[in-house]
Amino acid sequence: MSDLDFTMKVLVVDDMSTMRRIVRNVLKQIGYTSVEEAPDGKEALKKLKGGGFGLVVTDWNMPVMTGLELLKAIRADAELKILPVLMVTAEAQKENIIEAIQAGVSNYVVKPFTAEALLEKLTKVFAKKTPVNA
Amino acid sequence: MLTEKVIEEGGDEVDQAIDREIYDELGELAKYVEATTRTLREMETPLATTADQLPQANDFLAELSRMTEEGTHKVMSLADAIGENRTQIKKALDDIQALVAGKGDPSKVQDRIRAIANLVEQDESRLLDISVALSFQDLVAQRVKKLVVILEDVQHKLLKLVVVFGLQQGKAHTDHEGQGYEMLKQLEQSKTTALEQGLVDNILGEFGFN
């Protein structure tokens with residue numbers, strides 16, 4: 001837990017406003033004070049290019065641009081590629097997980113999740129260097 | 001003379017046989033056209049109602065999504081408000097502890113206790129509001145039941161069409177493409193192949209995620 005920088009700006013990406021709110025609340029409960037939201041990958045990418053974010057927590061199934069497409073776009077961007085991306089999704093079939101790993105996901109949380117599960121994953125993400133395939 | 005008469009009579013019989021055959025075939029054709037017209041007339045209403053029902057079902061589904069979203073936000077807002085009150089109660093208790101320990105004016109203890117009582121009362125009302133807000137689940141369930149009935153009705157009418165027009169012969173050409181089919185496949189798969197976090201972690205472990 002000590003490895004986590006709670007002042008870091010986090011971007012929560014999900015098309016469901018309720019889910020964004022849940023993730024935001026859980027992140028606040030963990031200790032994060034600066035959390036922003038985006039309803040899809042395209043909007044998220046626009047915000048990320050504005051700079052200042054230290055972590056992306058994204059859903060998989062979203063309109064306009066999916067979480068996987070967002071992850072690939074992040075890893076393909078010279079300025080964003082080292083950004084940790086945590087996938088928080090109901091897409092939990094083996095092929096989805098492998099696809100996400102191959103695309104360079106930092107870790108993977110299955111919905112529904114607890115604050116403890118998210119904290120555990122975040123601790124792991126920041127305890128090691130983010131796997132990047134790019 | 002006799003030969004001519006025999007030929008003439010034989011020719012009449014042949015002509016009559018041909019006429020009867022044509023008449024029979026025309027009769028069959030007329031029956032078939034009538035049956036087809038009747039079937040088409042019978043299908044007209046189910047087809048029209050199906051065409052009406054499907055957009056309605058679509059609207060109901062969109063409405064369900066809105067209802068669950070609104071209901072969830074309502075519950076979350078109330079939970080947030082209770083959380084904020086809890087922080088205030090905690091602070092008031094800290095104040096009381098300090099006042100009792102002789103830090104500050106002891107007469108303020110009563111004020112703090114009253115403040116706590118007010119906050120608890122507010123939360124009682126909010127807890128009740130949460131229960132009421134959760135009744136959206138009942139509304140959603142009722143609508144889902146109605147939607148299931150509509151879908152069953154549509155399915156029944158479509159099956160009738162399949163039977164009437166013998167569409168099952170074209171089964172080999174069933175369309176297994178398109179977004180709808182893909183979504184249905186995903187829903188079906190998610191019933192049996194959705195993984196728990198523990199299993200996901202095992203897969204992640206295989207790829208060096210510890």
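### Notes on the overall build of chain B
Inference 1: Per the secondary structure count, chain B includes five helices and zero strands.
Inference 2: Of all intrachain contacts in chain B linking residues separated by at least 6 positions in sequence, the fraction that spans at least 24 positions is 80%.
Inference 3: Accessible area of chain B: about 16,200 Å², with a carbon and sulfur share of 58%.

### Some points on the packing of helix H2 (residues 41-49) of chain A against helix H3 (residues 67-76) of chain A
Residues and elements named next belong to chain A.
Inference 1: Contact geometry for H2 and H3: axes closest at 9 Å, N-to-C directions at 25 degrees. With respect to their mutual orientation, H2 and H3 come out roughly parallel. Crossing geometry of H2 relative to H3 is assigned as right-handed. Contacts between H2 and H3 involve Gly41, Ala44, Leu45 and Leu48 on the former and, on the latter, Leu70, Ala73 and Ile74.

### Examining the pattern of salt bridges
Inference 1: Tallied over the full model, the rule gives 19 salt bridges over all chains.
Inference 2: Arg21(A) serves as the salt-bridge partner of Asp80(B), at 3.1 Å between the closest nitrogen and oxygen. You can see Asp80(B) sitting in helix H1 (residues 2-100) and its partner Arg21(A) sitting in helix H1 (residues 17-30), one on each of two chains.
Inference 3: For Asp80(B), a relative accessible area of 29% translates into the label partly exposed.
Inference 4: Using a relative accessible area of 17% as the deciding quantity, one classes Arg21(A) as buried.
Inference 5: The shortest N-O distance in the salt bridge between Lys49(A) and Asp77(A) comes to 3.8 Å. With Lys49(A) in helix H2 and Asp77(A) in the loop between H3 and strand E4 (85-89), the pair connects residues that are 28 residues apart, well separated along the chain.

The rules behind these values
Residues numbered from 1 in each chain as written. Chains lettered and ligands numbered in written order. Predicted model: local features only at pLDDT ≥ 70, side-chain atom pairs only at ≥ 80, totals over all residues. Heavy atoms only, no water. Helix = DSSP H or I, 4+ residues; strand = E, 2+ residues; numbered from the N terminus. Contact = heavy atoms within 4.5 Å. Areas by Shrake-Rupley, 256 points an atom, 1.4 Å probe, with all protein chains shown as cover. Axes fitted to C-alpha atoms, helices over the stretch in contact; angles between N-to-C directions. Parallel < 35°, antiparallel > 145°, perpendicular 65-115°, else oblique. Left-handed = near helix turned anticlockwise from the far one by under 90°. Salt bridge = Lys/Arg side-chain N within 4 Å of Asp/Glu carboxyl O. Buried < 20%, exposed > 50% of the residue type's maximum accessible area, 1.4 Å probe, protein only.

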